[in-house]
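One-letter residues, chain by chain:
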Amino acid sequence: MFDWAQGLVERGGYLALALLMLLENVFPPLPSELIMPLAGFTAGRGDMNLWLAIAAGSAGSLLGAVFWFYVGRWVGLQRLERWAARHGRWLTLTPDEVRRAKAWFDRHGGGAVLFGRLVPAVRTLISVPAGLSDMSLPRLLAYSLLGTAVWTGLLAGAGYLLGAQYDRVESWLSPVTNVVVGALVVYYLYRVLTFSRRARAAEQHP
């Protein structure tokens, strides 16, 4: 898969880079932690312009964020509340928690999107709650663009500086990603196991 991506970037240039970053956000076949350092390495060889590579990668990533934003819009608050009423344990949400989460995101969504775009494993799906909330598309784009540009810029810059050892960036960040994913899994299991207690408390204190 990686050899295919490398060949795609070498042949397709900026458009291929944007496509890979879009795919990484929608259905991650390759992590951005490897794609953007590859772009930086390619720029370091003189086959790309570093700033245009960052712009292309950010554009593709931003399109992925918009995709998940509209997934959230499609699901909608009412549908999510119905799902929570029927399958709350596996969603780990009661209808009341869905409403409270939306209210929180309406107040703090900009910061959540900006920070989420900088966190491995979280950055892909942070646009879903934005779509569920009252956040407008221009506001999502503004915060997502800022976070995404910082993320892609750091990765491409690292690949540019490391040269042929650009793949070390992925090896450095992979443990961080594993820790984040592991923490999310543990938190999910905790919420599944404590769902009945939280549901009873919600019924007693509506």
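Relevant structure appears above.
Cut-offs applied
- Residues numbered from 1 in each chain as written.
- Predicted model: local features only at pLDDT ≥ 70, side-chain atom pairs only at ≥ 80, totals over all residues.
- Heavy atoms only, no water.
- Helix = DSSP H or I, 4+ residues; strand = E, 2+ residues; numbered from the N terminus.
- Buried < 20%, exposed > 50% of the residue type's maximum accessible area, 1.4 Å probe, protein only.
- Contact = heavy atoms within 4.5 Å.
- Areas by Shrake-Rupley, 256 points an atom, 1.4 Å probe, with all protein chains shown as cover.
- Lys, Arg positive; Asp, Glu negative; His and termini not counted.
- Charge placed at Lys NZ, Arg CZ, Asp CG, Glu CD.
- Patch = residues over 30% accessible without salt bridge, like charges linked within 9 Å, V, L, I, M, F, W, Y side chains within 5 Å.
- Salt bridge = Lys/Arg side-chain N within 4 Å of Asp/Glu carboxyl O.
- Phe/Tyr/Trp six-rings, centres within 6.5 Å; stacked < 30°, edge-to-face > 60°.
- Lys NZ or Arg CZ within 6 Å of the ring centre and 35° of its normal.
- Expected span 1.5 Å × (residues − 1).
- Bend = angle between axes of the 7 residues up to and from the residue.
- Core = buried A, V, L, I, M, F, W, Y, C linked by side-chain atoms within 4.5 Å.
- Polar contact = N/O pair within 3.5 Å; in protein donor to acceptor, adjacent residues only side chain to side chain.

Peer 1: Explain the overall build of the protein chain to me, using residue names and the numbers behind them.
Peer 2: If you tally the helices and strands in the protein chain, you get 9 helices and 0 strands. A principal-axis box enclosing the C-alpha atoms of the protein chain has dimensions of 65 × 35 × 25 Å. Looking at the protein chain residue by residue over its 206 residues, the buried ones come to 45%. Long-range contacts, defined as pairs at least 24 residues apart, comprise 73% of the intrachain contacts of the protein chain with a sequence gap of at least 6. When the accessible surface of the protein chain is totalled, it reaches about 11,000 Å², and 67% of it is carbon and sulfur. Put simply, the protein chain has 19 plus and 13 minus side-chain charges, and the middle of one group is 10 Å from the middle of the other.

Peer 1: Give me the lowdown on a nonpolar patch on the surface, citing residues and values where you can.
Peer 2: Together, W90, V181, V185, Y188 and L189 make up a nonpolar patch on the protein surface, roughly 490 Å² of accessible area in all. One can find V185 in helix α8 (residues 168-193). You can call V185 partly exposed: its relative accessible area is 43%.

Peer 1: Give a description of the packing of aromatic side chains that names residues and reports values.
Peer 2: Using the criterion set out here, one finds 3 aromatic pairs in the structure. Note on F69 and Y70: the rings are 5.3 Å apart at their centroids and 85 degrees apart in plane angle, and the pair reads as edge-to-face. Assessed through its relative accessible area of 1%, F69 is described here as buried. The partly exposed category is assigned to Y70, whose relative accessible area is 45%. Here R79 stacks its cationic end above the ring of W74, 4.4 Å away from the centre of that ring.

Peer 1: Let's hear about helix α4 (residues 77-91): which residues, and what values?
Peer 2: In this model α4 runs just 14 Å from its N-terminal to its C-terminal C-alpha over 15 residues, more than 12% under the 21 Å that 1.5 Å per residue would give. By the largest-angle criterion, A85 marks the main kink of α4, which is about 75 degrees. Buried within α4 we find L80, E81, A84 and G88. Of the residues one or two after α4, T92 is the one with positive phi, at around 60 degrees.

Peer 1: Give a description of the nonpolar core that names residues and reports values.
Peer 2: Grouped together as the largest cluster of nonpolar side chains are 25 residues, with contacts concentrated most on L17, L20, I35, M36 and M48. At the level of secondary structure, the elements contributing two or more residues to this core comprise α1 (2-26), α2 (32-44), α3 (50-75) and α7 (137-162). With 8 residues, the top contributor of residues to this core is α1. Leaving out residues up to four positions away in the same chain, M48 has contacts with V9, G13, Y14, L17, A39, T42, A43 and A53.

Peer 1: Could you give an account of the side chain of E24, with specific residues and numbers?
Peer 2: Among the secondary structure elements, E24 is positioned in helix α1. Looking at E24, its side chain comes within polar contact range of the main-chain nitrogen of S32, at 3.5 Å.

Peer 1: I'd like a description of the pattern of salt bridges, backed by residues and values.
Peer 2: Throughout the structure, instances matching the rule amount to 5 salt bridges. Note that D106 is salt-bridged to K102, the shortest N-O span being 2.7 Å. Residue D106 and its partner K102 are located together in helix α5 (residues 95-116), separated by 4 residues, close to a single helical turn. Owing to a relative accessible area of 17%, K102 belongs among the buried residues under this scheme. Each of the salt bridges in this network shares a partner with another, and the network as a whole consists of K102, D106 and D134.

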